[in-house]
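Here's the letter readout for the chains.
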Amino acid sequence: MGPGTEDYVQKLRNQVARESIPNCTIEGPLYGQDKQKAYQRAQLYVLPTHSENFGMTVAESLANGTPVITTTNAPWAELNARNCGWSIELSEHQLTETLLEATSFGENELNEMGVRGRKFMKEKYSWESVALQMNQVYRWLLGEADVPSCVRLD
């Protein structure tokens, strides 16, 4: 799902048809409730990427309870530690192996990963969490507290 040039989208559609890939559709961008429903219907969200500064779609997927597979070129190494997805090297072999592993999981196991992903997003990126971090940063800047854990000095 998402935007793409007409040529690229047609190339993808042709490949899906040529290889008779089941349960695969090529869709345009979705917004609002439609996008949330799509995340919630999905069993996995996959974002192989050469570079991402954050990968908002990863956060959106996790917030909607969908486990994620992405590459180490996106800043989501915590997926592995929190057991709510996979952060893997960008290679066809690694992606294939991880997709095979993920799709071998039962619905309950994927749902549990989704619950952990939602919890991760709430703990780290909710308005409450970010406001608390900002408060800690301001208190540190005023000399009232030690360096908060959300600040990197390297």
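Rules behind the numbers
- Residues numbered from 1 in each chain as written.
- Predicted model: local features only at pLDDT ≥ 70, side-chain atom pairs only at ≥ 80, totals over all residues.
- Heavy atoms only, no water.
- Axes fitted to C-alpha atoms, helices over the stretch in contact; angles between N-to-C directions.
- Helix = DSSP H or I, 4+ residues; strand = E, 2+ residues; numbered from the N terminus.
- Contact = heavy atoms within 4.5 Å.
- Salt bridge = Lys/Arg side-chain N within 4 Å of Asp/Glu carboxyl O.
- Buried < 20%, exposed > 50% of the residue type's maximum accessible area, 1.4 Å probe, protein only.
- Nonpolar A, V, L, I, M, F, W, Y, C, P; charged D, E, K, R; others polar.
- Core = buried A, V, L, I, M, F, W, Y, C linked by side-chain atoms within 4.5 Å.
- Phe/Tyr/Trp six-rings, centres within 6.5 Å; stacked < 30°, edge-to-face > 60°.

(A) Looking closely at the packing of helix α3 (residues 56–63) against helix α6 (residues 107–125). Packing of α3 against α6 brings their axes to within 7 Å, and their N-to-C directions diverge by 120°. Across the interface between the two elements, A59, L62 and A63 of α3 pack against G114, G117, R118, F120 and M121 of α6.

(B) Quick look at the pattern of salt bridges. Applying the stated rule across the entire model yields six salt bridges. Salt-bridge contacts for E78 lead to R82; the nearest nitrogen and oxygen are separated by 3.0 Å. K124 serves as the salt-bridge partner of E78, at 2.5 Å between the closest nitrogen and oxygen. Taken together, the positions of E78 in helix α4 (residues 78–81) and K124 in helix α6 put the pair 46 residues apart, joining distant regions of the chain. You can call E78 partly exposed: its relative accessible area is 29%.

(C) Here's a closer look at the packing of α6 against helix α7 (residues 127–141). Packing of α6 against α7 leaves a shortest axis separation of 5 Å and a crossing angle of 35°. Facing α6, whose interface residues are K122, E123, K124 and Y125, α7 presents W127, S129, V130 and Q133. Split into classes, the residues belonging to the contact of α6 with α7 amount to three nonpolar, two polar and three charged.

(D) Structural view of the nonpolar core. Residues V58, L62, W76, L79 and F120 are the most contacted members of the largest nonpolar core, which totals 13 residues. Those elements that place two or more of their residues in this core are β1 (45–47), α3 and α6. Sorting elements by how many residues they give to this core places α3 first, with three residues. By size, the runner-up hydrophobic cluster in this structure holds seven residues, among which are L44, A102, L110 and M113.

(E) Just unusual backbone geometry, in detail. Positioned with a positive phi, S20 is a non-glycine residue whose angle comes to about 50°. Note that S20 resides in the loop between α1 (6–18) and α2 (32–41). Unlike most non-glycine residues, N23 shows phi in positive territory, near 55°. With relative accessibility at 85%, the residue N23 sits in the exposed group.

(F) Layout of the packing of aromatic side chains. All told, the structure shown has seven aromatic pairs when counted by the stated rule. Measuring from ring centre to ring centre gives 5.5 Å for F54 and Y125, while their planes differ by 80°; the resulting arrangement is edge-to-face. Taken together, the residues F54 in the loop between β1 and α3 and Y125 in helix α6 connect sequence positions 71 residues apart. Residue classification places F54 among the partly exposed residues on the basis of a relative accessible area of 27%. Ring centres of W86 and F105 lie 5.7 Å apart, and the angle between their planes is 45°; on these two criteria the pair is classed as tilted. One end of the pair, W86, is in strand β3 (residues 85–88); the other, F105, is in the loop between α5 (92–104) and α6, with 19 residues separating them in the sequence. In this structure W86 comes out as buried when scored by relative accessible area, which is 10%. These aromatic residues form a ring-pair network of at least three members: F54, W76, F120 and Y125.

From the geometry alone we can't say anything about function, so treat these as descriptive.
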